[in-house]
Amino acid sequence: MSYSEKTRSAYQSVLQGLQDAGLFKQERFIHSPQAADIEVEFPSGASVRKVINMCANNYLGLSSHPDVVKAAHEGMDARGYGMSSVRFICGTQDIHRTLERKVTEFLGTEDTILFPSCMDANAGVFEAILTKDDVMISDRLVHASLIDGIRLCSAMQDTYKHADMAHLEQKLEMHQDRRFRLVITDGVFSMDGDTAPLDKMVSLAEKYDAMILIDDSHASGFIGKTGRGTHEKYGVVGKMDVITTTFGKALGGATGGCVSGRRELVEMCRQKARPYLFSNSIAPVVVQGVLKVFDILMASTERRDKLEKNAAYWRKGLQEAGFVLKEGDTPIVPVMLFNAKLAGDFSRALYDEGIYAVGFFFPVVHKSQSRIRTQISAGHEMHHLDKALAAFIKVGKKFEILGKAKQEIIERFGM
Ligand SMILES: *Cc1c(COP(=O)(O)O)cnc(C)c1O
C-alpha cells in the first residue's frame with residue numbers, strides 16, 4: 001500500500017535516467033563454469049554462445065581447477081554443506097583454523113581471521129582496532145569496501161593524493177598528536193592495475209610511527225616472485241601490520257576473505273569485528289577448496305609465472321595496436337575510452353566478435369575515465385590472447401580510435 005504509483009514512478013524515472021545516460025548495467029548469464037572459454041546468454045533470452053572471457057578475476061585459472069573442485073567435493077562429504085552459525089557460537093570447524101594458519105604462513109604475517117568476504121573484512125577491521133583518538137589516512141583511490149569500512153569507524157579520517165608519498169608524509173606529520181596513525185591503501189589498485197609503493201610507505205611509517213593496512217585482493221596469489229602479494233614485490237614481507245584480502249579472486253574465486261597481520265590486531269577483530277560476530281562462517285566446502293589452492297601455490301610458481309608472461313604479451317599487443325592504456329605491470333590492463341557510452345558500445349561490439357570484456361564507467365570510475373578493463377589469466381592460452389587481440393583491433397578500427405591520443409578520442413565522443 002505504501003509503495004504507491006507515485007513512489008514506483010519516481011524509481012522508474014531514476015532507472016530510466018541511468019538507461020538514457022548509458023550507465024545502466026546489464027548482467028550477462030554464463031551457462032558454464034568460470035574459465036577462459038565460457039558460454040554466455042546475452043542479452044537475456046538470446047541464444048547461448050561461446051566467448052573468451054577477458055574480464056574475470058580468475059587470475060590463476062583456479063576457479064574451476066579439477067583438483068580444487070575435487071577437494072571441495074571431498075570437503076563437503078567430510079564436513080557437510082553449511083554451518084548454520086557464526087564463528088563464535090558454533091560455526092568454527094578445525095578446518096577454519098587450519099586455513100587461518102595456512103594464510104598466515106603464505107602471507108608471512110603473525111595471525112589471520114577469516115571473514116565471509118573481503119568486503120566484510122574491510123567493513124569490520126577499522127572499528128575493531130581503532131578509536132576516536134586515532135587517525136586513518138587513506139589513498140584517495142582505495143576500493144569502495146575500504147571507504148565503507150572507514151565510514152563505519154569512529155577514528156578521524158584523512159586522505160592523501162593517489163600514491164603521492166610527499167603528500168602522505170605531510171599528513172603523517174600533521175597527525176603526530178593522535179594516539180595511532182593507520183595508513184590505508186590497496187596493494188594493487190583494481191581499476192588502474194598500478195601498485196602502492198610499499199617500500200617507501202614502510203620507511204614513512206617507521207619515521208612517523210604509523211601502522212600500514214593494505215588490501216591485497218588483486219595481488220594475493222600472484223604478485224611478487226612467489227605470489228605472496230604486493231608486500232613481496234616491494235621486499236617488505238613481515239612489515240605490513242594488516243593485510244586484508246579475498247578468496248574470491250585468484251585464490252579459487254569462490255567466496256571469503258580475511259584480515260591477516262599483527263597477532264593483537266587479529267585478536268581484536270575476533271573480539272569486536274561485527275561482520276565476524278554477526279555473519280555466517282565460510283562454508284566447509286569453500287574452506288577445503290581454498291586449502292587446496294594454497295597447496296597448489298606453495299608447491300610451484302608455474303601459474304603466476306605463466307600469468308606474468310601472458311599479461312606482458314597482452315599489454316604489448318594492445319600497445320602496438322595503438323590503444324591508450326593505463327601503465328602498469330599487473331594482469332589488469334585497462335583500455336581507456338574516456339566516454340561511458342563508447343565503453344558500452346565497444347564492449348557490445350567485442351561480444352559480437354566472441355570476446356567478453358565489460359565496460360567500466362560511473363559509479364565504478366569517474367565518467368571521464370570510462371574504459372574496458374581487461375584482466376589476464378593463467379588460464380589463457382596464446383590462441384585466446386591472439387584471438388582477443390584480433391577482435392580488439394577490429395573493433396578499435398570500427399570506432400576509429402587506434403593510434404588516437406586521449407584528447408582526440410574525447411573530442412570525437414565527448415566525455
Ligand atoms: C574484490 C575486492 C574486494 C571485495 O572482495 P569480496 O571478498 O568479494 O568481498 C575488496 N577489496 C578489493 C580491493 C577488491 O578488489
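Predicted model, so just to flag it, every value in this text is computed and none were measured.

Here we look at the pattern of salt bridges
All told, the structure shown has 26 salt bridges when counted by the stated rule. Here Asp 329 makes a salt bridge to Lys 233, at a shortest N to O gap of 2.9 Å. Of this pair, Asp 329 sits in the loop between helix 13 (302–321) and strand 11 (332–336) while Lys 233 sits in helix 9 (residues 230–233), and the two are 96 residues apart along the sequence. In this structure Asp 329 comes out as exposed when scored by relative accessible area, which is 54%. Residue Lys 233 is classed as partly exposed on the basis of its relative accessible area of 34%.

Notes on the domain arrangement of the chain
According to the domain assignment, the chain consists of domain 1 (31–60 + 301–413) and domain 2 (66–299). Between the C-alpha centres of domain 1 and domain 2 the distance comes to 28 Å. Between domain 1 and domain 2, the contact holds 22 residues from the first and 20 residues from the second. Carbon and sulfur atoms make up 59% of the area that domain 1 and domain 2 hide from each other, which totals about 1,600 Å². The interface formed by domain 1 and domain 2 includes three salt bridges. Arg 371 serves as the salt-bridge partner of Asp 192, at 2.6 Å between the closest nitrogen and oxygen.

Details of the pairing of strand 10 (residues 257–261)
Consecutive side chains of a regular strand alternate in pointing toward one face of the sheet and then the other. Within strand 10, five of the five residues are buried, which leaves the element mostly enclosed by the surrounding structure. Across the two faces of strand 10 the burial is the same, with Gly 257, Val 259 and Gly 261 and Cys 258 and Ser 260 all buried. For strand 4 (residues 111–115) and strand 10, the ladder comprises five bridges, and the chain directions are antiparallel. Counterpart to Phe 115 in the pairing with strand 10 is Gly 257. Pairing of strand 9 (residues 242–246) with strand 10, which is carried by five bridges, proceeds in the antiparallel orientation. Bridged to Thr 245 within strand 10 is Cys 258.

Quick word on helix 12 (residues 284–299)
In a regular helix each residue adds 1.5 Å, so 16 residues correspond to 22 Å; helix 12 covers 23 Å between its end C-alpha atoms and thus fits that length. Among the residues of helix 12, Pro 284, Val 286, Val 287, Gln 288, Gly 289, Val 290, Leu 291, Val 293, Phe 294, Ile 296 and Leu 297 are the ones counted as buried. In this fold, the buried residues of helix 12 make contact with helix 2 (66–79), helix 4 (94–107) and helix 13.

Some thoughts on the sheet that holds strand 3 (residues 49–53)
Spatially, four strands are ordered 1-2-3-12 in an open sheet, and the strand pairing comes out mixed. Pairing within the sheet leaves two strands with one partner each, and these edge strands are strand 1 (29–30) and strand 12 (355–356). Sheet topology places strand 2 (residues 37–41) next to strand 3; four bridges connect them, and they run antiparallel. Paired with Asp 37 across the strands is Ile 52, a residue of strand 3. Each of strand 2, strand 3 and strand 12 touches helix 14 (residues 340–352); the most contacted strand, strand 3, lies at about 120 degrees to it.

Focus: the side chain of His 175
Residue position: His 175 is located in the loop between helix 7 (165–174) and strand 7 (181–186). Within the local environment of His 175, its side chain forms a polar contact with the side chain of Asp 158, the two groups lying 2.8 Å apart. If near-sequence neighbours (up to four positions away) are discounted, His 175 is found in contact with Val 135, Ile 137, Met 156, Asp 158 and Arg 181.

Quick look at the packing of helix 14 against helix 15 (residues 382–398)
Packing of helix 14 against helix 15 brings their axes to within 10 Å, and their N-to-C directions diverge by 130 degrees. Taken together, the axis directions place helix 14 and helix 15 in an arrangement best described as oblique. Along this stretch, helix 14 crosses helix 15, giving a crossing that reads as right-handed. Between helix 14 and helix 15, the contacting residues are Phe 346, Ala 349 and Leu 350 on the first element and Ala 391, Phe 392, Val 395, Gly 396 and Lys 398 on the second. Of the residues assigned to the contact of helix 14 with helix 15, the class counts are six nonpolar, one polar and one charged.

Details of the pairing of strand 5 (residues 135–139)
Judged by how many residues are buried, strand 5 sits mostly within the fold: five of five residues are covered. Alignment of strand 5 against strand 6 (residues 156–160), held across five bridges, turns out to be parallel. Within the sheet, the bridge partner assigned to Met 136 lies in strand 6 and is Gln 157. A crossover links strand 5 with its parallel partner strand 6, the connecting element being helix 6 (residues 144–151), and its sense is right-handed.

Let's talk about the nonpolar core
In this structure, Phe 247, Trp 314, Phe 346 and Phe 392 are the most contacted members of the largest nonpolar core, which totals 86 residues. If you tally residues by element for this core, the top one is helix 12, at eight residues. There are two domains that each give this core at least three residues, and those are domain 1 (31–60 + 301–413) and domain 2 (66–299). By size, the runner-up hydrophobic cluster in this structure holds 26 residues, among which are Phe 115, Leu 130, Leu 182 and Val 266.

How each quantity is defined
Residues numbered from 1 in each chain as written. Predicted model: local features only at pLDDT ≥ 70, side-chain atom pairs only at ≥ 80, totals over all residues. Heavy atoms only, no water. Salt bridge = Lys/Arg side-chain N within 4 Å of Asp/Glu carboxyl O. Helix = DSSP H or I, 4+ residues; strand = E, 2+ residues; numbered from the N terminus. Buried < 20%, exposed > 50% of the residue type's maximum accessible area, 1.4 Å probe, protein only. Domains from an automatic or database assignment. Contact = heavy atoms within 4.5 Å. Buried area = accessible area lost by both parts, 1.4 Å probe. Pairing = 2+ DSSP bridges. Expected span 1.5 Å × (residues − 1). Axes fitted to C-alpha atoms, helices over the stretch in contact; angles between N-to-C directions. Polar contact = N/O pair within 3.5 Å; in protein donor to acceptor, adjacent residues only side chain to side chain. Parallel < 35°, antiparallel > 145°, perpendicular 65-115°, else oblique. Left-handed = near helix turned anticlockwise from the far one by under 90°. Nonpolar A, V, L, I, M, F, W, Y, C, P; charged D, E, K, R; others polar. Right-handed = clockwise from strand over helix to strand, strands pointing away. Core = buried A, V, L, I, M, F, W, Y, C linked by side-chain atoms within 4.5 Å.

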